[in-house]
Amino acid sequence: MDLEVPTTFDERDWERPVDGGPLRFAVVGLGWFGPDVAIPAIAESDYCETTAVVSGDRKKAERVADETGVEHALTYDDFADGEVADAYDAVYVVTPNALHLPHVETAAELGKHVLCEKPLEATADRARQCVEACDEASVELMTAYRMQTTRSVRWVRDAVQDGAIGDPVQVRGAFGYNLIVAGEDTDQWRLDPDLAGGGPLMDLGVYPLNTARFVLDADPVAVYASTVEGPPEFDGLEKYCAFTMEFPDGAVAQCDTGYEVAGTNYFEVGGTHGRIRIDRPFDVDGDRRITVEREGEETTVEVDEPSEMVEEFDYFATGVLMDMDIGPDGEHGHFDVRTSEAIYESAESGRRIDL
């Protein structure tokens, strides 16, 4: 089949006319990502607005609300008590991993739809409780794998599923960086086992893990992994993780991630008749490059596309406002946490772990 690689992606393949709205968000968690990335993306979106911000620190909530023009500033306790609940329709949870569950449960109790950052929680059991809470309240729960709404990644998924490179047999993906060289403070929640649930696997490795599932449209049936323990300031967490996932049709995905590795950020699928690679697919709104190799010919394009965070929020809003099926849903996010636990089990035991 012919395959022309586009340089621009002008259409949302999920787009449909939206009635009503905007979908009003309470943003729960005001570390750098909430105020610096999420709230600006919501402001730029077509179908969303931020009407409340929530923090464990009242002064921070008030400062962020003032800086971003948001009407309501709440503490976690205010949020749990249902204060100004009529002011928002949905909740975006962007707290440390092990704090997702109580906020998801609060949102569900208040009848609010939930967009929850990845991983869904720090453990599979707590991720399952997130899913159950939203199911019982009949509210939507989406796990915020933003790359699934990125137009270039969706194009690659469709190309692979349409047989553009034959049968997919091999996936490779990596996402990591050198936290120390980057000058980051090691006294942070991502290096706290109780808050993070793991090291770079839970922070970065879930990106290639999940993208493999998305592009192959399949779930792994077994994993095999190894880890390298980090320095003392990593508090027993790994600094590097490599893992292999086996899929039911015979495809194999080999992925790695780390906090002490020069920046790695790519995803590629090899098939029986060709190969597709994306460079820098996991950056927040980073430029991307797609390379397609088929029949001895190679085509590379620099990709121009919209903000993936804007796409994510508008996709979620469209699903809620128009009763469109939303994916990745909560159960999808739960599966990734289960898989991550199996990866850690394999690394510790040295055995292949069936899922």
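What you see is a predicted model; the values in this text were computed from it and never measured.

Novice: Just to check I follow, could you spell out the sheet that holds strand β2 (residues 48–55) for this structure?
Specialist: Think of a sheet as strands paired side by side through backbone hydrogen bonds, with each pair either parallel or antiparallel. The strand order across the open sheet built from six strands is β3-β2-β1-β4-β5-β6, with neighbouring strands paired in parallel fashion. Taken across any chain shown, the strands that pair with only one partner, and hence form the sheet edges, are β3 (72–75) and β6 (141–144). With direction set aside, neighbouring strand axes in the sheet form an average angle of 25 degrees. Alignment of strand β4 (residues 90–93) against strand β5 (residues 113–117), held across four bridges, turns out to be parallel. When the bridges of β5 are listed, Val 91 appears paired with Val 114. Where helix α1 (residues 33–44) meets the sheet, its contacts fall on β1 (23–28), β2, β4 and β5, and the angle it forms with β2 comes to roughly 160 degrees. Relative to the sheet, helix α4 (residues 100–109) contacts β1, β4 and β5, its axis offset from that of β5 by approximately 165 degrees.

Novice: Explanation requested: the packing of aromatic side chains in the structure shown.
Specialist: In this description, a pair of aromatic rings is defined by centroid distance and the angle of the planes. Counted according to the given criterion, the structure contains twelve aromatic pairs. Judged by centre distance (5.3 Å) and plane angle (85 degrees), the rings of Phe 25 and Phe 313 are edge-to-face. Residue Phe 25 is located in strand β1, and its partner Phe 313 is located in helix α9 (residues 308–322); the two are separated by 288 residues in the primary sequence. With respect to burial, Phe 25 and Phe 313 carry one shared label: buried. Aromatic pair Phe 79 and Tyr 88: ring centres 6.3 Å apart, planes at 35 degrees, arrangement tilted. Like Tyr 88, Phe 79 is buried. An aromatic cluster of three or more residues is present, and its members are Phe 25, Tyr 92, Phe 313 and Phe 316. The ring of Tyr 88 carries the charged tip of Lys 112 above its face, separated from the ring centre by 5.2 Å.

Novice: Before we go on, may I ask you to explain the packing of α4 against helix α5 (residues 124–137) in this structure?
Specialist: When two helices pack together, you describe them by how their axes are tilted relative to each other and by the distance separating the axes. Close contact between α4 and α5 brings their axes to 9 Å; oriented N to C, the two are set at 5 degrees. Considered as vectors, α4 and α5 are oriented roughly parallel to each other. Contact with α4, carried on its side by Leu 101, Pro 102, Val 104, Glu 105 and Ala 108, involves Arg 126, Gln 129, Cys 130, Ala 133, Cys 134 and Ala 137 of α5 and no other residues of that element. In terms of residue class, the contact of α4 with α5 is made up of eight nonpolar, one polar and two charged.

Novice: I would appreciate a short explanation of the nonpolar core in the present structure.
Specialist: A general trend in soluble globular proteins is that nonpolar side chains are found buried together. Counting 76 residues, the largest nonpolar core has Phe 243, Met 245 and Ile 290 as its most contacted members. Per-element accounting of this core gives the leading share, ten residues, to helix α8 (residues 200–216). Leaving out residues up to four positions away in the same chain, Ile 290 has contacts with Val 5, Phe 9, Ser 152, Trp 155, Val 156, Ile 276, Arg 277, Ile 278, Thr 299, Thr 300, Val 301 and Val 303. Listed in part, the 34 residues of the second largest apolar core include Ala 38, Ile 42, Tyr 92 and Leu 115.

Novice: What exactly am I supposed to notice about the sheet that holds strand β13 (residues 288–294) here?
Specialist: The mixed open sheet is built from nine strands, whose spatial order is β14-β13-β12-β11-β7-β10-β9-β8-β15. What marks the edges here is a single partner per strand, and that holds for β14 (297–303) and β15 (353–354). Looking at chain direction, strand β8 (residues 222–229) and β15 are connected through two bridges and run antiparallel. Opposite Ala 222, over in β15, you have Asp 354 as the bridge partner. Lying on the sheet, helix α10 (residues 330–349) is in contact with β8, β9 (238–246) and β15; it crosses β8 at an angle near 65 degrees.

Novice: How should I be thinking about the pattern of salt bridges in this particular structure?
Specialist: Scanning the model with the defined rule gives 30 salt bridges in all. Across the pair Arg 58 and Asp 78 runs a salt bridge whose closest N-O atoms are separated by 3.1 Å. Placement of Arg 58 in helix α2 (residues 58–68) and of Asp 78 in helix α3 (residues 76–80) is noted, with a sequence separation of 20 residues between them. Across the pair Arg 213 and Asp 219 runs a salt bridge, and its minimum N-O distance is 2.9 Å. Relative accessible area serves as the criterion here: at 4%, Arg 213 is assigned to the buried category.

Novice: Where do I start with the packing of helix α6 (residues 151–161) against α8 in this structure?
Specialist: The N-to-C vectors of α6 and α8 enclose an angle of 45 degrees; their axes lie 8 Å apart at closest approach. Taken together, α6 and α8 sit at an angle that is classed as oblique. The residues of α8 that touch α6, namely those facing Val 153, Arg 154, Val 156, Arg 157, Val 160 and Gln 161, are Thr 211, Phe 214, Val 215 and Leu 216. Its residues assigned to classes, the contact of α6 with α8 comprises six nonpolar, two polar and two charged.

Novice: Whenever I open this one, a negative patch on the surface confuses me. Can you help?
Specialist: Where like charges cluster on the molecular surface, the negative patch consists of Asp 10, Glu 11, Asp 287 and Asp 304. Structurally, Asp 287 is set in the loop between β12 (274–279) and β13. Asp 287 gets classed as exposed once you look at its relative accessible area, which sits at 57%.

Procedures and definitions
Residues numbered from 1 in each chain as written. Predicted model: local features only at pLDDT ≥ 70, side-chain atom pairs only at ≥ 80, totals over all residues. Heavy atoms only, no water. Pairing = 2+ DSSP bridges. Helix = DSSP H or I, 4+ residues; strand = E, 2+ residues; numbered from the N terminus. Axes fitted to C-alpha atoms, helices over the stretch in contact; angles between N-to-C directions. Contact = heavy atoms within 4.5 Å. Phe/Tyr/Trp six-rings, centres within 6.5 Å; stacked < 30°, edge-to-face > 60°. Buried < 20%, exposed > 50% of the residue type's maximum accessible area, 1.4 Å probe, protein only. Lys NZ or Arg CZ within 6 Å of the ring centre and 35° of its normal. Parallel < 35°, antiparallel > 145°, perpendicular 65-115°, else oblique. Nonpolar A, V, L, I, M, F, W, Y, C, P; charged D, E, K, R; others polar. Core = buried A, V, L, I, M, F, W, Y, C linked by side-chain atoms within 4.5 Å. Salt bridge = Lys/Arg side-chain N within 4 Å of Asp/Glu carboxyl O. Patch = residues over 30% accessible without salt bridge, like charges linked within 9 Å, V, L, I, M, F, W, Y side chains within 5 Å. Areas by Shrake-Rupley, 256 points an atom, 1.4 Å probe, with all protein chains shown as cover. Lys, Arg positive; Asp, Glu negative; His and termini not counted. Charge placed at Lys NZ, Arg CZ, Asp CG, Glu CD.

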